[in-house]
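Now for the letters of each chain:
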Amino acid sequence: MSGIGCCGTLLGVRVDLVRCADAQLLLEGPAGLGVLYDRHARTVMRFAVSLIGLGDEADEVVQETFLLAWRKRSSVVAVNGSVLPWLLNAARFEALAARRRRVRRESRVVPLDLAVHDRAAASSDPSGLQEVLSGLSETDRAVVEAVLVDGLSYAEAAERLEVSVATVGKRLQRARARVRAGLRTAAETSKGGC
């Protein structure tokens, strides 16, 4: 078979992709990748599950591993004609990245204890700040809390709240305007009542 690809012909007979070495399959196009996937996906999946457990993340690791193999097909290293060691190593890195994403995602979810928040706001500002803040939407309050209370940058707040940076900026601008207007109204009301 030297000199011809797996999809080539030898004495008028088409060479079957199933008999090709893994490294050659990657160079044969999407059909070759499909055969490679059929050969090794189950093993890569078992390896991914052993690293991060069952679920969508393991499926994602397998898909990302084969996508990476396709993107780097010209530089994938085969060991004794098999790319399985390369696939397992790539799957390990993908699984570690998936685990880091999960930890980051879980660390972003911080339960807000409204009772503590309301007591702190009431005790620190008797001029109606609590009333004004309670009038904000839940998302606007979350943005105010992330940026102004927790001191996060717009990008960090956007990541925590899973919105765009532009959304954080616009919501913060709107919340500040509402708080200013609410505090002005509260101050005018208290001056007029004295």
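Above this note sits the structure.
Residues numbered from 1 in each chain as written. Predicted model: local features only at pLDDT ≥ 70, side-chain atom pairs only at ≥ 80, totals over all residues. Heavy atoms only, no water.

Residues other than glycine seldom take positive phi values, yet Asn80 does so here, at roughly 55°. Position of Asn80 relative to the elements: it lies in the loop between α3 (56-71) and α4 (84-108). Residue classification places Asn80 among the exposed residues on the basis of a relative accessible area of 80%. At Glu162, a residue that is not glycine, the phi angle is positive and equals roughly 60°. Given the relative accessible area of 58%, Glu162 is considered exposed. (Helix = DSSP H or I, 4+ residues; strand = E, 2+ residues; numbered from the N terminus. Buried < 20%, exposed > 50% of the residue type's maximum accessible area, 1.4 Å probe, protein only.)

Moving on, we get to the pattern of salt bridges. What the rule picks out here adds up to six salt bridges. Here Glu60 makes a salt bridge to Arg101, at a shortest N to O gap of 3.2 Å. With Glu60 in helix α3 and Arg101 in helix α4, the pair connects residues that are 41 residues apart, well separated along the chain. Asp140 is the salt-bridge partner of Arg178, the closest N and O atoms lying 3.6 Å from each other. Here Arg178, found in helix α9 (residues 165-193), pairs with Asp140, found in helix α7 (residues 138-149); they are 38 residues apart in sequence, far enough to count as distant. Note on Asp140: relative accessible area 1%, which makes it buried. Several salt bridges share partner residues, and in doing so they unite Asp140, Arg171, Arg174 and Arg178 into one network. (Salt bridge = Lys/Arg side-chain N within 4 Å of Asp/Glu carboxyl O.)

What follows concerns the packing of aromatic side chains. For the structure on display, the rule yields one aromatic pair. Between the aromatic rings of Tyr37 and Phe66, the centroid separation amounts to 4.9 Å while the plane-to-plane angle is 65°, which identifies the pairing as edge-to-face. Within this pair, whereas Tyr37 is found in helix α2 (residues 30-52), its partner Phe66 is found in helix α3, the two being separated by 29 residues in sequence. Taking relative accessible area as the criterion, Phe66 reaches 4% and is therefore assigned buried. Over the ring of Trp70 we find Arg73; its NZ or CZ atom is 3.9 Å from the centre of that ring. (Phe/Tyr/Trp six-rings, centres within 6.5 Å; stacked < 30°, edge-to-face > 60°. Lys NZ or Arg CZ within 6 Å of the ring centre and 35° of its normal.)

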